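Residue-level structure breakdown
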Amino acid sequence: MHPDISSLPSTHFYGGRLTDGPGMATKTKRKWHESALFPPYAFMDVAGREAPSGTSKTNAVEAEVALSLCIRLLEDFPPSEESSYSIGVVTPYKAQKDELERIFQNKFGLKSDLLNLITFNTVDASANYSISALSAADEYFRFTTGLSRSGERHHHPLLRSRRDRQERRLPQ
């Protein structure tokens, strides 16, 4: 896990006891990290509003921002045989996942090779992506009043990528 990613859960959930494997800043460095838009880890304040969708929630503005970021990433850093990657767009809500899939399919087409690089899931599903973008809800990342009583789900998506699971050192 890149140290920029591990610092938040380490500080807020593990009292600073979560440590990185040796040389993780170098091992996890990617070419897109040089761009101000794509650091290893960032929060973005999106001016959208949650809307109920059955028993779930959506945020159309947030979905459009996720689409715009993916388009920009694919334009600025196109995947190639030498530099392939996958993108995971993760959300706590099934309705938001469905909305994300819909707008991406409308943009790229159902059978697009670019769309094949992108997987949409909820935070409870497995994440094995080179790049993950969390599409959350307005209240989801408030550490004092979130969806989970224990706070555990708040940092769950931060600790789920394939490479991260292999290199992460959790406190005993």
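Everything that follows concerns the structure shown earlier in this document.
These notes cover the structure that comes with them. Just so we're clear, the structure is a prediction, and the values are computed from it rather than from any experiment.

Taken as a whole and judged by the stated rule, the model has 5 aromatic pairs. Seen in terms of ring centroids, Phe38 and Phe77 are 6.3 Å apart; in terms of plane orientation they differ by 85°. Their pairing is edge-to-face. Here Phe77 lies in the loop between helix 3 (60-76) and strand 3 (87-91) and Phe38 lies in the loop between helix 2 (24-27) and strand 1 (51-53), a separation of 39 residues in the sequence. Accessibility assignment for this pair places Phe38 and Phe77 in one class, buried. Look at Tyr41 and Phe43: their rings are 5.5 Å apart centre to centre, the planes differ by 75°, and that puts the pair in the edge-to-face class. Through a chain of ring-to-ring contacts, the aromatic side chains of Phe104, Phe108 and Phe120 assemble into a single cluster.

Inspection of every chain in the model, using the stated rule, returns 6 salt bridges. A salt bridge links Asp76 to Arg72; its shortest N-O distance comes to 2.6 Å. On the criterion of helical spacing, the pair formed by Asp76 and Arg72 is a turn pair, its members being 4 residues apart in helix 3. According to the relative accessible area criterion, Arg72 is partly exposed, its value standing at 38%. As a salt-bridge pair, Lys97 and Glu101 come within 3.4 Å of each other at their nearest N and O atoms. Taken as a pair, Lys97 and Glu101 lie in helix 4 (residues 94-108) at a separation of 4 residues, close to a single helical turn. The class of Glu101 is partly exposed, set by a relative accessible area of 22%. Among the charged side chains, a network of salt bridges with common partners joins Lys94, Lys97, Asp98 and Glu101.

Attention now goes to the pairing of strand 3. The side chains of a regular strand alternate between both faces of the sheet. Of all 5 residues in strand 3, 5 are buried; the element is thus mostly enclosed. Burial of the side chains of strand 3 extends over both faces: Ile87, Val89 and Thr91 are buried on one face and Gly88 and Val90 on the other. After leaving strand 3, the chain enters helix 4 and then returns to the sheet as strand 4 (residues 118-122), a path that is right-handed.

In this structure, Glu99 sits in helix 4. A polar contact is formed between the side chain of Glu99 and the side chain of Arg102, at a distance of 2.8 Å.

Looking only at helix 1 (residues 3-13), the buried set comprises Ile5, Ser6, Leu8, Pro9 and Ser10. Taken from the residues just after helix 1, Gly15 is the one with a positive phi, measuring 60°.

So, how was this worked out
- Residues numbered from 1 in each chain as written.
- Predicted model: local features only at pLDDT ≥ 70, side-chain atom pairs only at ≥ 80, totals over all residues.
- Heavy atoms only, no water.
- Phe/Tyr/Trp six-rings, centres within 6.5 Å; stacked < 30°, edge-to-face > 60°.
- Helix = DSSP H or I, 4+ residues; strand = E, 2+ residues; numbered from the N terminus.
- Buried < 20%, exposed > 50% of the residue type's maximum accessible area, 1.4 Å probe, protein only.
- Salt bridge = Lys/Arg side-chain N within 4 Å of Asp/Glu carboxyl O.
- Right-handed = clockwise from strand over helix to strand, strands pointing away.
- Polar contact = N/O pair within 3.5 Å; in protein donor to acceptor, adjacent residues only side chain to side chain.

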